[in-house]
Amino acid sequence: LFAMVPGVDAVIALESRAGLSSVRQWRRDAATLRAGRFDLAVLLPNSFLSAWIAAHAGIPDRRGFATDLRGRWLTAAVPRPGGDRHQADYY
């Protein structure tokens, strides 16, 4: 779906899973992103891991909701919207 959006240069599915047993894969995913030399990461998953990987990939502009203690890994932390919302409205 994201690949059909005008202006999106690449969509990369990462293999990382939560849990310390996956640290090697986190580093491989960061290396994959680093090789792409991306200038912006829009982080839709509200996970610490997604922000950590983007930061370790050296992506200079990392944006996402400030949830799950990931604010320090984001360059533009957006406050999470309140209230009940459909996920489409949330993002």
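Residues numbered from 1 in each chain as written. Predicted model: local features only at pLDDT ≥ 70, side-chain atom pairs only at ≥ 80, totals over all residues. Heavy atoms only, no water.

**Observations concerning the layout of surface pockets**
Okay, step 1: Each pocket or cavity is described by its volume, and for the largest pocket that value is around 920 Å³.
Okay, step 2: Lining the largest pocket are 25 residues; nearest its centre among them are A10, V11, I12, A41 and V42.
Okay, step 3: Each residue belonging to the lining of the largest pocket can be placed in one class, and the counts come to 19 nonpolar, four polar and two charged. (1 Å grid on protein atoms, 1.4 Å probe; cavity = no way out; pocket = protein on both sides within 12 Å on 5 of 7 lines; lining within 4 Å. Points joined across faces, edges and corners; volume = space filled by probe spheres on them. Nonpolar A, V, L, I, M, F, W, Y, C, P; charged D, E, K, R; others polar.)

**Regarding the pattern of salt bridges**
Okay, step 1: The full count for this structure, using the stated rule, is one salt bridge.
Okay, step 2: The salt bridge involving D61 is made with R63; its shortest N-O contact spans 2.9 Å. (Salt bridge = Lys/Arg side-chain N within 4 Å of Asp/Glu carboxyl O.)

**Notes on the nonpolar core**
Okay, step 1: By size, the foremost hydrophobic cluster in this structure holds 15 residues, and its most contacted members are L43, I53 and I59.
Okay, step 2: Where this core is concerned, the elements lending two or more residues are α1 (23-36), β1 (40-43) and α2 (48-56).
Okay, step 3: Residue contacts for L43: discarding those within four places in its chain leaves S50, A51, A54, R63, G64, R70 and L74. (Core = buried A, V, L, I, M, F, W, Y, C linked by side-chain atoms within 4.5 Å. Buried < 20%, exposed > 50% of the residue type's maximum accessible area, 1.4 Å probe, protein only. Helix = DSSP H or I, 4+ residues; strand = E, 2+ residues; numbered from the N terminus. Contact = heavy atoms within 4.5 Å.)

**Some words on α1**
Okay, step 1: Taking 1.5 Å as the rise per residue, α1 with 14 residues should run 20 Å; its terminal C-alpha atoms sit 20 Å apart, in good agreement.
Okay, step 2: When α1 is considered as a whole, its buried residues turn out to be Q25, W26, D29, A30 and L33. Angular distribution of buried residues about the axis of α1 spans 140°; they occupy a single face of the element. Pointing more than 90 degrees away from the buried face of α1 are the exposed residues R24, R27 and A35. (Expected span 1.5 Å × (residues − 1). Arc of directions from axis to C-beta.)

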